Every structure is written in structure tokens, then in C-alpha cells.
Amino acid sequence: MSRELRGLGVSAGIAVGPVARLAAPPELPDRDAPVADAEAEAARAAEALEAVAAGLDARAAQADGAAADVLVAQGLMARDPVLGDAVAGLVRDGRDAPHAIDAALHEHRRALEGLGGYMAERAADLDDLRTRAVAHLLGLPMPGIPQPGHPFVLVADDLAPADTATLDPAQVLGIVTERGGPTGHTAILAKQLGIPAITACPDASVLVDGQRLLLDGGTGLLVADPDDALVADAERRARELAARRASSHGPGRTADGHPVRLLVNVGGPGDLEAPGVPGAQGVGLLRTEFLFLERATAPTREEQEALYAEVFSAFSGRTVIVRTLDVGADKPLAYLPQAPEENPALGVRGLRLARRDPELLAEQLDAIAAAARASDADVGVMAPMVATAREAEGFARLARDHGLEKVGVMIEVPSAALCAAEILRHVDFASLGTNDLAQYTLATDRLAGELADLLDPWQPALLRLIARTIEAGVAAGKPIGVCGEAASEPMLALVLAGMGVTSLSMGAASLADVRATLAAHTIDQCRALASTALAAGSAPDARAGCGGRRAGGRRRRLTPCPSSRSTPSRSPRAAAPPWRSASPSAPARWRTCPASSATSCCVPSRARPATSSTRAGRPKRTSRRGCRARRSLAATPRRGPVKGRRWRSTPAC
């Protein structure tokens, strides 16, 4: 009998195949072996760590892009002199080499977890170092991907970078892990390789080798022991998906020609060679941390300029948006001492770092501006962790003083989303960083696997903050993009397009899916899906509704609102006929329209406050009598995100 399991879909795609589980890590002996020569034992431990580092370097040479970067960073961890000193000290205290390495890495892991953010995400990498070093010392087989001799679905508690970096997509049909989340290395590398993947699925512990498994990396659904009918349907959908990917090309647009620019996220020059990058319309997020992390001294202005110029030249004539340095106590720099913080995710990071070291930001802006002047790319710059309009104003002034004309900000904290209208008065564009915005809005650590459902980008609170930001952009006439993981989910991309987002930036491997999905839907259908998602009371309801079915399995009906066909609207966003969907729990701005029995998709309007008088040249307002939507709004006045706006229903109401 088939059994459904749920996890967090982090890499879209459908796979069916037998389970192959990752081998368990080697067990340490119960007691330390007697150590006759402490110096020789310390040398043996150091040799094991160096062997692990050399092995990671060899794997990095076989990988590319993000996979190679992760492996290089992990190799540097193994060669960290602080780790080496800690191991040697434990050996001198009487521990043997395996137990000394285990204990030292355990302490390092606790320290990284305490830092939070980026460094906490790297804590899992230390588990792999421990496993490899202990296996080397005990003469056991090095852990790695199973080789059953046929294609399989890989199931594990979690995967190390060294495991995911060299996966063969021809053999690994899909990935399922009990831990992990949407921003971990498993998710990042699975997307890069185009392998369907699901993380944060604790029930995967019951799966056994050889068991048939069906997984949908887009929805997070797993079916153990599926029947033949389910398998046939999954294989049909997989073929359709492959055909859509193969035929996907050109700029992003809906079926009726509405443009949504599709951009790529770049973490360094190595990402420029990834498949799919040439088809992107530009770079929506150029992370600059690759220049500053994992080094003893700060990069010079000339070094920065050369690397920026390399990226700009690869996107000649196209958009490149550079995010200024996003580090802090969670991503410490060796050459920029920073006191430990109780909660580094909420501390001095991103733009806030300029309060302590303004020269670091000034030199980076100089380098970006110099590289931009020598390029014909359309270069913009944006600051991370902007929380207030005053911060946005200060950054915009500084960037323009350095010769950069196109200046924006990241919207990744709730205060920035709530004050988007005020922030956009000072900048030219904004980009929604949905990963951090979800973390801060739902008060959930991105590494808390058991809380991964709270980081679902379909969470109503997150979607409503996104919508509020986009509405502010529409009112100001300024573009709003999305550069978080939400942009790479095809169905959610439709919702974002329906809200009015102007660009979506994602990993190169996701571009084809999103482009093909947009091309199969009209903008009115996207608006209907946005209405459905925003009216939902939970993430599963929003996802199920936009997937074409209610949580109970009944299919939704999407039809143009009949009242909108004959009555023009004064709202520029309602120029096209609004769509509606039957939603039983719609909030006040999606109330029932008397022209039909379904729910209308309402938009913010510049309608003046309700009054009994009429100004010259303006039609008298329709009576609220007989319209539940207007009665509801009259009883409970609501203001939209932009001052002077009021929510109202479609004109027929």
C-alpha cells in the first residue's frame, strides 16, 4: 500500500526510482586507544586532516560553479590552524587521534552554530570533516554516495558538500534528506544539477534500500510504494516538464506578452559558466562576498574592479545588479575584527557594517563604479539589510556620490516591506530577498529543520508583505524584483507576476522551468492566482489553491469577473479584466461581487474616501446598498500601504 510523506520541496522536478540510502558515518571506539607518543599521535591526526583536505581539493577540481566553491571552503576548514592546535592540545591531554579530532570538531561546530546565519549553515560541513578524518584514521572506507549499479533516489539524514558536489544526475534521480532547508548546500547544488530534491522530511527515516519512491521536488510530496497508475502519471508529467524545459528560450513573458524579466543569481565568476546563464536577461543579484570571505586581508580596490569587470563583460548590454558586501558576525572577516554578538542575524551585518567601517563600503562602491564606467552593461547597486527610509536615503546619496546612477535596496526585513513607499522615494528600485524576509517575518532560524514549514515561501504573512512592497513600487512607478528562492518556484513565480513584480532572479538551473511556466499562462491567470494565494489562510492552502485544487481535492474555477467587462476602472493596475476564484475565506478586499456568486480579485485604488458629496467632473459613487463588499469596507475602513489609498472592490461593486 502506498504511503504519502511530506517534506520541503527545494528543487523542482519529478522522479521515480528505488531508494539507496547513504551509509552511516563510522562509529568511534568506546574508549581512547593508549597513546605512547603524543607527538607522533598529533602528527597522525594532522596527517588525517591534510588527507581530508587534499581529497576535497581533488573533488573541487572535478566540480564547477557553486559546488567547487563549497568544496574549496570546506578544505580550508580542514586546514584551519586553530583546529589543528585544538586537536594537538587534546592529544597532549591523553586523547588518541580519532577521539581528539571528534572532540575538537564538536567544539568548533558548537561555536559556528552559536554564530548563526551563514556560519551556522557551515556547521554541518564539520560533520563531514569528522566522518572523513575518523574513517581515514580507523582504516574504514571513505563515506560517499552509494553505487548500487542502477539509477536510484538518494535518501540520507543530510548530505555533505563533498557528497552533493560530485553527484551524477544520470544515476541520482532524486534526493531526499531528513534535515536541511531551502537555503542549504543540498538545495543549492541540487538546483544547479537539475536534480529533484526534498529536504526537511523526518519521516524519510523509515525508507529502506530498494523501496520504490515517487517524489515531486516542486511540491515536497513523497509517495512510498506508489501504484502503477501513480507512477505512469508521474512519468507523463516528467516527460512534459522535460519538453517544456527543452523548448524554453527567449525573454520572460506570459502567454499574452506581459513581460517579466528573468535574471540569474551569481555568486562569483565561476557561476558564469553554468548552463542556462547565457539565456538570462541579466544578473538580478551579484553576491560580492566571494571577494571578501576566506582570506586574511581585504581585497584591494583594483582586485575588486577587475572581478566586477569580468562579470559585467559577460553580460554586455544586459542588466547587472550588484549587492554590496553582506557580512557580519555570522560571516566574520579575519581582517575586520568584530565582537561576538548574542544574535548575529539581528546584529551588525550588511549595510549596518558601514557604521563601524565606512571605508570598506566606500572602496567597494568606487570599484563598482569604475568597472561600470568601462562596461556597457546596465549596472545597478543595492544595499542589504536596509530597515528604514533614512538608511535607504543615506546609501543612495553615498552611491550616487561615487558615480553610480542606478541605486536600490534589498527588502528583506519586515520594517522595510512595511515602509516600502517611504523607502522608494529615495531609490530607483527594490529587490525582495525572500529567504531573510521569511526568516525575520516568521521568527524562524533558517537552520531549524523541524521548523522548515514556517519558511515555506507560500506563508500568507510573507506573501502579504511581498504584495505590499510591490503595490508601493507600482504607486511610485519603480521596478520591484524578487531574488530569493521564491523566484525559482514556477507556480509561485506566476503568483509574483500576478502581484505585479517586474523581474525574477534565480539560479540558472531554474530559468527554463520558470520561463516555460510563465509562457503557458496569461497575466490575468497570474492575477487570479495572486488573489487566491493572498486570500489563503495557510501555506498549504495557498499552494493547493494555486496548484489547481483545493486542499480537499476539488478543482478551482477561474473565470473573468463579468462585472469588469462593462465597467472601466480608474486603477491603472486593473486595466486588464480582473480574474477571480471561488475562495471561501477571502479577506475584505476579496469580497463577493453582486454580479456573480464568486469572489472578485480587487486591487488598491486611489479612490477618495467615501463621502455623500460629489465633485465636479466626477461621477457620483454607486450606493453601497446591496453590495456586501462595500458594506464590509464601510464598516471596517482599511488603508493600503500607500498613504491616501483605500482598498476597494472592482467597479461593479
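In the block above lies the structure referred to throughout.
A brief structural summary. Remember, it's a predicted structure, so these values are computed and weren't measured experimentally.

Parameters and conventions
Residues numbered from 1 in each chain as written. Predicted model: local features only at pLDDT ≥ 70, side-chain atom pairs only at ≥ 80, totals over all residues. Heavy atoms only, no water. Helix = DSSP H or I, 4+ residues; strand = E, 2+ residues; numbered from the N terminus. Contact = heavy atoms within 4.5 Å. Areas by Shrake-Rupley, 256 points an atom, 1.4 Å probe, with all protein chains shown as cover. Axes fitted to C-alpha atoms, helices over the stretch in contact; angles between N-to-C directions. Parallel < 35°, antiparallel > 145°, perpendicular 65-115°, else oblique. Left-handed = near helix turned anticlockwise from the far one by under 90°. Nonpolar A, V, L, I, M, F, W, Y, C, P; charged D, E, K, R; others polar. Pairing = 2+ DSSP bridges. Buried < 20%, exposed > 50% of the residue type's maximum accessible area, 1.4 Å probe, protein only. Core = buried A, V, L, I, M, F, W, Y, C linked by side-chain atoms within 4.5 Å. Polar contact = N/O pair within 3.5 Å; in protein donor to acceptor, adjacent residues only side chain to side chain. Salt bridge = Lys/Arg side-chain N within 4 Å of Asp/Glu carboxyl O. Expected span 1.5 Å × (residues − 1).

## As for the overall build of the protein chain
- Each helix and strand counted, the protein chain has 22 helices and 20 strands in total.
- Across the protein chain, contacts joining residues at least 24 apart in sequence account for 67% of those joining residues at least 6 apart.
- Carbon together with sulfur atoms contributes 53% to the accessible area of the protein chain, which is approximately 27,600 Å² in total.

## A word on the environment of G268
- Of note, G268 is situated in the loop between β9 (261–266) and β10 (282–287).
- Between the alpha carbons of G268 and L286 there is a distance of 7.5 Å; along the sequence they are 18 residues apart.

## Topic: the packing of helix α17 (residues 490–499) against helix α18 (residues 511–519)
- For the pair α17 and α18, interaxial distance at closest approach is 9 Å and the crossing angle is 55 degrees. One way to sum up the angle between α17 and α18 is to call them oblique. The handedness of the crossing between α17 and α18 is right-handed. For the pair α17 and α18, the contacting residues are P490, A493, L494 and A497 in the first and D513, V514, T517 and L518 in the second.
- Here the contact of α17 with α18 is composed, by residue class, of six nonpolar, one polar and one charged.

## Things to note about the pairing of strand β3 (residues 14–21)
- Sheet topology places β3 next to strand β7 (residues 212–216); five bridges connect them, and they run antiparallel. Paired with I14 across the bridge in β7 is D216.
- Pairing analysis gives three bridges linking β3 to strand β4 (residues 152–156), with the strands arranged parallel. If you follow A20 over to β4, its bridge partner there is L154.

## Comments concerning α17
- The element α17 is largely enclosed, with a buried count of nine among its ten residues.
- Here α17 has its buried residues at P490, L492, A493, L494, V495, L496, A497, G498 and M499.
- Check the buried side of α17 and you find it contacts α16 (460–476), β15 (480–482), β16 (503–506), α18, α19 (523–535) and α20 (539–546).
- Positive phi shows up at G500, right after α17, with a value of about 115 degrees.

## Considerations on the nonpolar core
- Formed by 101 residues in total, the largest nonpolar core has its most connected members in V264, F312, V320, F395, V495, M499 and L504.
- Apart from the residues lying within four places of it in its own chain, the contact partners of V320 are V283, L286, V311, F312, F315, A377, D378, V379 and G380.
- Counting 30 residues, the second-largest nonpolar core is a separate cluster that includes A63, A88, A104 and L137.

## Some remarks on the sheet that holds strand β8 (residues 221–224)
- Pairing is mixed in the open sheet, where eight strands are placed in the order β1-β8-β7-β3-β4-β5-β6-β2. In the strand order of this sheet, the two ends are held by β1 (3–6) and β2 (8–11), each with one partner. Going from strand to strand, the sheet's axes swing by 30 degrees on average, the running direction of each strand aside.
- In the packing of helix α8 (residues 185–193) onto the sheet, contacts are made with β2, β5 (172–177) and β6 (197–199), and the angle to β2 comes to roughly 45 degrees.
- Each of β3, β7 and β8 touches helix α9 (residues 228–247); the most contacted strand, β7, lies at about 40 degrees to it.

## Focus on the side chain of H99
- Mapped onto the elements, H99 comes out in helix α4 (residues 97–115).
- Within the local environment of H99, its side chain forms a polar contact with the backbone oxygen of P29, the two atoms lying 2.9 Å apart.
- Excluding anything up to four places from it in sequence, H99 contacts L28, P29, D30, R31 and D32.

## Observations regarding the environment of G89
- Structurally, G89 can be placed in helix α3 (residues 81–92).
- We classify G89 as buried; its relative accessible area is 18%.
- As for G89 and A104, which are separated by 15 residues in sequence, their C-alpha atoms are 9.4 Å apart.

## A closer look at the pattern of salt bridges
- This model, assessed by the stated rule, comprises 27 salt bridges.
- For R21, the salt bridge goes to E178, with nearest N and O atoms at 3.0 Å. Here R21 is found in strand β3, whereas its partner E178 is found in the loop between β5 and α8, with 157 residues between them in sequence.
- Exposure remark for E178: the relative accessible area of 17% places this residue in the buried category.
- Several salt bridges share partner residues, and in doing so they unite D216, D233, R236, R237 and E240 into one network.

## Digging into the side chain of T131
- By secondary structure assignment, the location of T131 is in helix α6 (residues 123–138).
- Residue class for T131 comes out buried when judged on its relative accessible area of 11%.
- What T131 contacts, discounting residues up to four positions off in sequence, is P25, P26 and P143.

## Points about the packing of α19 against α20
- Packing of α19 against α20 leaves a shortest axis separation of 8 Å and a crossing angle of 160 degrees. Of the possible angle classes, the one that applies to α19 and α20 is roughly antiparallel. Judged by the sense of rotation from one axis to the other, the crossing of α19 with α20 is right-handed. The segment α19 lies against α20, with L529, T532 and A533 engaging A542, G545 and C546.
- Across the contact of α19 with α20, the residue classes tally to four nonpolar, two polar and no charged.

## Considering the sheet that holds strand β12 (residues 378–383)
- Sheet architecture is closed into a barrel: eight strands sit in the order β9-β10-β11-β12-β13-β14-β15-β16, paired in parallel fashion. Taken pair by pair, the neighbouring strands of this sheet meet at an average axis angle of 25 degrees, ignoring direction.
- Relative to strand β11 (residues 319–323), β10 runs parallel, the two being bridged by four bridges. Counterpart to G282 in the pairing with β11 is T319.
- Sheet strands touched by helix α11 (residues 358–373): β11 and β12. Its angle to β12, the strand with the most contacts, is close to 165 degrees.

## Brief notes about α6
- Look at α6: 23 Å from first C-alpha to last across 16 residues, which is about the 22 Å you get at 1.5 Å a residue.
- Burial analysis of α6 places twelve of its 16 residues in the buried class, the great majority of the element.
- Among the residues of α6, those classed as buried are A123, D125, L126, D128, L129, R130, T131, R132, A133, V134, A135 and L137.
- Positive phi shows up at G139, right after α6, with a value of about 70 degrees.

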